[in-house]
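Geometric and topological summary
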Amino acid sequence: MWRVISSKTQKLTPTPLLWLWWCNCHTGPEVVLQLTEQKGAPNNQVTKRRQKERSSCQLVLDCFDQQYSQELGDLWADTRAVLLNPHSWQYGVMLNRFSAVTDITRILQSQGFSTLLLQTDVSTLSHGLPRPSLQCYIHPYPLRFPSQAHRPGQLKQYYLLNAASLLPVLALQVRDGEKVLDLCSAPGGKALAMMQCATPALLCCNEPDPHRRDWLAKTLESFLPHSLNSRVIVSAQDGRSFGQSDAGTYDKVLVDAPCSNDRSWLYSCSSQQGEQRLKERTRLPALQAQLLRSALSAVRPGGVVVYSTCTLSSSENYAVVETVLNDCPEAEPEDLWEEIAVPLSKYFAFSAAHPDHGQTLHKPSLQQQNGTVSSYHHRFSILVVPQPGKTWGPMFLSRIRKKK
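Rules behind the numbers
Once a new chain begins, its residue numbering starts again from 1 and follows that chain's sequence as written. In view of the model being predicted, local features appear only for residues whose pLDDT reaches at least 70, and side-chain atom pairs are presented and counted only at 80 or more, with totals across whole chains, interfaces and linings using the full set of residues. Side-chain measures were taken over the full set of non-hydrogen atoms in the model, leaving aside hydrogen atoms and water. Only runs of H or I of at least four residues qualify as helices and only runs of E of at least two qualify as strands under DSSP, and these elements are numbered from the N terminus. A 1.4 Å probe rolled over the protein chains alone gives each residue an accessible area, and that area as a share of the maximum for its type sets the label: buried under 20%, exposed over 50%, partly exposed in between. Here, residues are in contact when the closest pair of their heavy atoms is within 4.5 Å. Only the protein chains shown count as cover for residues, and the accessible areas themselves come from Shrake-Rupley with a 1.4 Å probe. If DSSP finds at least two bridges between two strands, the strands pair. Pairing of aromatic side chains here covers Phe, Tyr and the six-membered ring of Trp, requires ring centres within 6.5 Å, and sorts the geometry by plane angle: under 30 degrees stacked, over 60 edge-to-face, intermediate tilted. Both a distance and an angle decide whether a charge sits over a ring: NZ of Lys or CZ of Arg must be within 6 Å of the ring centre and within 35 degrees of the ring normal. By nonpolar core is meant a set of buried Ala, Val, Leu, Ile, Met, Phe, Trp, Tyr and Cys residues that side-chain atoms within 4.5 Å join together. In the sections that follow, a salt bridge refers to a side-chain nitrogen of Lys or Arg positioned within 4 Å of a carboxyl oxygen of Asp or Glu. The definition of a right-handed crossover adopted here requires that, viewed with the strands pointing away, the path from the first strand over the helix to the second runs clockwise. Lines fitted to C-alpha atoms define the axes here, with helix axes fitted over just the stretch in contact, and angles between the N-to-C directions of these axes take values from 0 to 180 degrees.

Re the overall build of the protein chain
Helix and strand counts for the protein chain stand at 16 helices and 14 strands. Here the protein chain holds 404 residues, and 58% of them are scored as buried. Considering only contacts in the protein chain between residues 6 or more positions apart, those separated by 24 or more positions represent 80%. Summing over all exposed atoms, the protein chain offers an accessible surface of approximately 16,600 Å²; the carbon and sulfur share of this is 50%.

Below you can see the structure in the form of structure tokens.
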């Protein structure tokens with residue numbers, strides 16, 4: 001098992017609300033048939049899997065309709081159709097540079113998968129490890145590659161994920177030799193992506209919930225060699241305490257915050273669960289702002305923090321970043337549009353929509369208003385909006401640099 005370090009400060013006790021957020025962020029219904037089933041599985045097995053599919057929660061859908069029709073304008077109709085049709089969801093296959101992948105690459109290419117062209121700077125230091133390279137294969141149709149079972153002593157060759165979840169990692173720009181904190185790390189996909197991009201001196205993967213922390217540790221064990229044990233550690237702190245215990249320690253911090261995951265929450269197990277989630281939804285922005293402030297305290301002057309969520313909700317996205325920027329004069333947002341949205345617009349549907357003014361799929365205005373960050377969402381944030389043929393997301397990301 002990947003080693004877990006103890007908290008440097010007294011760990012805050014997660015409330016039942018935090019448990020709900022941490023358990024449900026970045027998860028969703030497994031309703032897309034794997035390629036192995038689509039290519040010759042007995043019909044009764046396919047039928048049994050389809051019978052396990054869950055229907056959407058009408059209460060949550062009604063809330064989404066009310067909120068997102070205003071925030072996304074005309075985009076919401078197509079986004080709604082995608083979210084309500086899990087069979088249309090696309091999946092990415094991220095290769096593991098620490099494992100032999102030649103055979104997997106050949107199989108993916110033979111089945112119509114192609115490389116998602118990610119612009120990453122290749123580090124010059126090797127540290128005796130395979131050359132850093134973030135490789136992700138995607139398919140134009142919603143075909144899901146079969147997952148690999150854990151085998152003791154053998155590293156997995158690939159990791160299945162929503163390809164939009166790689167964008168915050170690209171925005172973080174991890175380099176060899178840096179100290180990096182993944183503040184809300186479980187289940188570990190973004191941490192693995194960071195290790196494909198570079199070999200940091202330290203990657204601290206933090207997860208306060210014990211069940212999700214076990215999941216995180218097993219993920220790392222399945223993909224990273226033992227030679228990295230001294231570089232990659234698992235922490236059990238409450239993310240809100242890092243700003244005090246590790247002030248100015250890290251070069252880069254990722255805050256992939258617990259959020260009202262639209263894909264997962266839409267398929268709440270019952271109307272009671274949906275109602276409970278919606279009641280607690282209003283309390284999420286306060287937690288998210290605390291985590292972002294903690295990250296800005298934990299990063300060194302000149303360092304970078306990337307904030308991301310997997311929800312379309314402006315109150316958990318634009319509003320959280322805007323609130324923290326107004327409270328932290330040392331924090332400065334950076335424009336990601338030319339770096340991320342423009343080169344990857346072939347694959348993802350990006351929006352920089354103002355929450356009050358419907359859709360906008362072109363480059364937002366970079367002019368400030370009244371010398372404040374009130375026009376923040378026009379200028380520096382990126383939102384991946386699921387659309388037909390580009391069903392990736394939701395994924396919101398923003399990069400903030402701490403002034404020297």
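Focus: the sheet that holds strand β3 (residues 114-115)
Across the sheet, 4 strands lie side by side as β3-β4-β2-β5; this open sheet has antiparallel pairing. Only two strands of the sheet have a single partner each, and these edge strands are β3 and β5 (158-161). Across 4 bridges, strand β2 (residues 92-95) lies against β5 in antiparallel orientation. Its bridge partner lying in β5, methionine 94 is registered against tyrosine 159.

Describing the packing of aromatic side chains
Counted under the stated rule, the structure contains 10 aromatic pairs. These aromatic residues form a ring-pair network of at least three members: Phe64, Tyr68 and Trp76. The lysine or arginine in question, arginine 144, covers the ring of tyrosine 91, its NZ or CZ lying 4.9 Å from the ring centre. Of note, arginine 263 hangs over the ring of tryptophan 89, and the distance from its end group to the ring centre comes to 4.5 Å.

Considerations on the nonpolar core
If you look at the biggest cluster of nonpolar residues, it comprises 55 residues, and the most contacted ones within it are Leu167, Leu220, Leu344, Phe348 and Phe350. It is helix α8 (residues 189-197) that provides the largest number of residues to this core, a total of 6 residues.

Details of the side chain of serine 294
Tracing the backbone through its elements, the reader meets serine 294 in helix α13 (residues 284-298). Beyond its immediate chain neighbours, meaning those up to four positions away, serine 294 contacts Gly239, Arg240, Ser241, Phe242 and Gly243.

Focus on the pattern of salt bridges
This structure, assessed with the given rule, holds 13 salt bridges. A salt bridge links aspartate 65 to arginine 80, with the shortest nitrogen-to-oxygen separation between them at 2.7 Å. Placement of aspartate 65 in helix α4 (residues 58-71) and of arginine 80 in helix α5 (residues 75-83) is noted, with a sequence separation of 15 residues between them. Its relative accessible area of 22% is what places aspartate 65 among the partly exposed residues. By relative accessible area, arginine 80 is classed as partly exposed at 28%. The shortest N-O distance in the salt bridge between arginine 399 and glutamate 339 comes to 2.9 Å. In this pair, arginine 399 sits in strand β14 (residues 395-402) while glutamate 339 sits in helix α15 (residues 337-344), placing the two residues 60 residues apart along the sequence. Under the relative-accessibility criterion, arginine 399 is labelled buried at 5%. Residue glutamate 339 is classed as partly exposed on the basis of its relative accessible area, which comes to 29%.

Examining the pairing of β14
Most of β14 is tucked away, with 7 of its 8 residues classed as buried. Direction of pairing for strand β10 (residues 299-309) relative to β14: antiparallel, over a ladder of 6 bridges. The residue of β14 that forms the bridge with serine 308 is leucine 397. With 4 bridges connecting them, strand β11 (residues 331-334) and β14 associate as antiparallel partners. Residue pairing across strands places glutamate 332 opposite arginine 401, the latter belonging to β14.

Points about the environment of leucine 278
In this fold, leucine 278 is placed in helix α12 (residues 271-281). In this structure the C-alpha to C-alpha distance between leucine 278 and valine 60, which are 218 residues apart in sequence, comes to 7.2 Å.

Observations regarding the environment of glycine 303
The topology assignment puts glycine 303 in strand β10. On the basis of relative accessible area, glycine 303 is assigned to the buried category, the value being 1%. C-alpha of glycine 303 to C-alpha of lysine 403: the two residues are 100 residues apart in sequence and 7.9 Å apart in space. Not counting residues within four places of it along the chain, the set of residues in contact with glycine 303 comprises Asp251, Ile400, Arg401 and Lys402.

Concerning the pairing of strand β8 (residues 232-235)
Alternating residues of β8 divide into Val232 and Val234 and Ile233 and Ser235, and every residue in both groups is buried. With 4 bridges connecting them, strand β7 (residues 202-206) and β8 associate as parallel partners. By the bridge assignment, asparagine 206 is partnered in β8 with serine 235. Since β7 and β8 lie parallel, the crossover through helix α9 (residues 210-223) that links them has a hand, and here it is right-handed.

Things to note about the packing of α4 against α12
Where α4 contacts α12, the axes come no closer than 8 Å and their chain directions differ by 35°. Along its contact with α4, which presents Leu59, Val60, Cys63, Phe64, Gln67 and Tyr68, the element α12 presents Ser271, Gly274, Glu275, Leu278 and Arg281.

Structural notes on unusual backbone geometry
Cis geometry marks the peptide bond from alanine 186 to proline 187, where omega comes out at 5°. With an omega dihedral of 0°, the bond running from glycine 393 to proline 394 counts as a cis peptide bond. By secondary structure assignment, the location of proline 394 is in the loop between β13 (382-384) and β14. Even without glycine at this site, glutamine 173 takes up a positive phi of about 55°.

Section: α8
The buried count for α8 comes to 9 of 9 residues, which makes it a mostly enclosed element. Among the residues of α8, those classed as buried are Gly189, Lys190, Ala191, Leu192, Ala193, Met194, Met195, Gln196 and Cys197.

Geometry only, nothing functional implied.
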